[in-house]
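# Coordinates in review
The chain contents come next:
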Amino acid sequence: MKRIVYNILLGNILLSLFPALFSSCSDEEQFTVDKNAQLTFSQDTVSFDTIFTGITSTTEVVQVYNKNSKGLRITNAKLESGGTSGFMINVDGQNGTSINDVQVLKKDSVFLFVKVNIPTSSSMKPTKLTDKVIFTLENGVQQEVVLEAFGQNMQSLQAEVLKGDKVMTANELPYVVYDSLVVAEGASLCMKEGTTLYFHNGASLIVHGSLKVEGTLEKPVVLRGDRLDKMFDYLPYDRLENQWGGVYLSPSCQGCDINYADIHSGNYGLVCEDVKGKVNISNSIIHNVAGYGLYLKECETLVTNTQISNSKYDCVGIYGGTADFYHCTMAQFYPWKVDRGNAIYVSNYIGEEKHLVQSVNFYNCLATGYADDEVYGNPGEQALNLNFYHCVLLTDVNDATYFHDCIGESKDAATYKEKNFMTFDTHAYFYDFRLDPISVARGKAATTYSALYPVDRLGVERGEKPDAGCYQTQEP
């Protein structure tokens, strides 16, 4: 009895499913050869940002729609070049330079995936490559998607150790660093104006010898990550932190002179530990890093006309040693964590270990950020030899032990924190730390110190009413 009931139920289920199955098969078989029925593409041109030759790009995606009431058959989808251009395609899961028999059901879509690996050439400048994906439909209609990319030749440095003196110039192919670039003890690295070093994820510049950066206002030396593409249309990876390591000066380093450098988007900016020689930094930017912007442990340092901004840890962290800062902007607006460090942190200790500050001074500087207090000193049991002169600071400046003719930012002022600056785009992570014309930092610096550095980081004359920080507001 149970078996009879079970068979009846099974028969009824199959009978109920049969029309649906038949209808589904029937729908799939309804393909049109009407020449008016065509495909629609989510984009008709796939453009890659500049790509280093010999390195496969990320994948771009095009959605291929059939918005018609019947299915379409793609008899062939092929690269016009036959695969010689360096572009690679995948259509509906099939790889190749020529792909056959792809069905796109009515009101449905398939995907076109595109990558490119551009062959090396002898050109110093980026070269443009183009190709097309040509879709031939069963109805004889041909449609195309244009492919284009720029390829840049480069010099690959794989775990390179410089044991002698090395000079890098902008007249050479760009350098791409893998597994770090190490300057051995006794060796030196000099980077001339316009030089750019691209570092792969995790790679750093490690200096045991000496470092000299000779950038200019028009042609700074740039140290950055090697990703040239974008996360989104509006957001290049170059604006994100932690794209590479950073610059590390070891205890054996004989010192460094850095002028007009742009160090950004690393795991850290510049870390200096017990450096034997003097560390000089001028007219530079350290921006957007996942650790310290500038970390100084037991160093002798001079920093002038420099912007240090958006660091997960302190923008400037000083532990012992001596340091003088003239006309610097420390802006702590790191966007990815709320437990970010300070704009300025000065301490006699690292944990329980003493590193007594001999002398640290800030002249005509600007320090601000998201927190209620962006300047922190940790004297411990020892006196902290720290002084601020004619600075604008987001902190309480009433203690005459440390603060001399300084201005404390007030939340009641017209400009406060990020409102001090020209551009502050937290959506696209784009910042311009030049002063807004109504910034509280305008005209607050002392001519006594600005006379030592009469032009700002961008070459603007400071004149008789110098602004605090590394940028002087230009009069209309």
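Residues numbered from 1 in each chain as written. Predicted model: local features only at pLDDT ≥ 70, side-chain atom pairs only at ≥ 80, totals over all residues. Heavy atoms only, no water.

## Focus on the confidence of the model for the protein chain
Averaged over every residue, the pLDDT of the protein chain is 93; the share at 70 or more is 93%. Every residue in residues 1-28 is under pLDDT 50, and counting partners more than four places away or in other chains gives two contacts. (pLDDT = per-residue confidence, 0-100. Contact = heavy atoms within 4.5 Å.)

## Some thoughts on the pairing of strand β9 (residues 108-116)
The sheet contact formed by strand β4 (residues 60-66) and β9 spans seven bridges and is antiparallel. In the sheet register, V62 faces β9, and the bridge partner there is L112. (Pairing = 2+ DSSP bridges. Helix = DSSP H or I, 4+ residues; strand = E, 2+ residues; numbered from the N terminus.)

## Some thoughts on the nonpolar core
Within the largest apolar cluster, 62 residues are counted, with the highest numbers of intra-cluster contacts made by L205, L211, L249, F325 and F362. In terms of residue count, the dominant contributor to this core is strand β14 (residues 175-183) (four residues). The contacts of L249, once residues within four sequence positions are left out, are V207, L211, C256, L270, V271, C272, E273, V275 and V279. (Core = buried A, V, L, I, M, F, W, Y, C linked by side-chain atoms within 4.5 Å. Buried < 20%, exposed > 50% of the residue type's maximum accessible area, 1.4 Å probe, protein only.)

## Points about the pairing of strand β24 (residues 261-264)
Pairing analysis gives three bridges linking strand β19 (residues 221-225) to β24, with the strands arranged parallel. If you follow V222 over to β24, its bridge partner there is D262. The pairing of β24 with strand β27 (residues 285-289) spans three bridges and is classified as parallel. Paired with H264 across the two strands is H287, which belongs to β27.

## Observations concerning the pattern of salt bridges
On inspection of all chains with the given rule, the structure shows 11 salt bridges. Of the charged contacts in the structure, one is a salt bridge between D432 and R434, with a shortest N-O distance of 2.7 Å. We classify R434 as partly exposed; its relative accessible area is 35%. Connected via shared salt-bridge partners are K192, K212 and E214. (Salt bridge = Lys/Arg side-chain N within 4 Å of Asp/Glu carboxyl O.)

## What about the environment of S439?
Tracing the backbone through its elements, the reader meets S439 in the loop between β45 (430-435) and α2 (447-450). Overall, the relative accessible area of 5% leaves S439 in the buried class. Residues S439 and A414, 25 residues apart in the sequence, show an inter-C-alpha distance of 7.8 Å. Among the polar contacts listed, one links the side chain of S439 to the backbone nitrogen of A441, at a separation of 3.1 Å. (Polar contact = N/O pair within 3.5 Å; in protein donor to acceptor, adjacent residues only side chain to side chain.)

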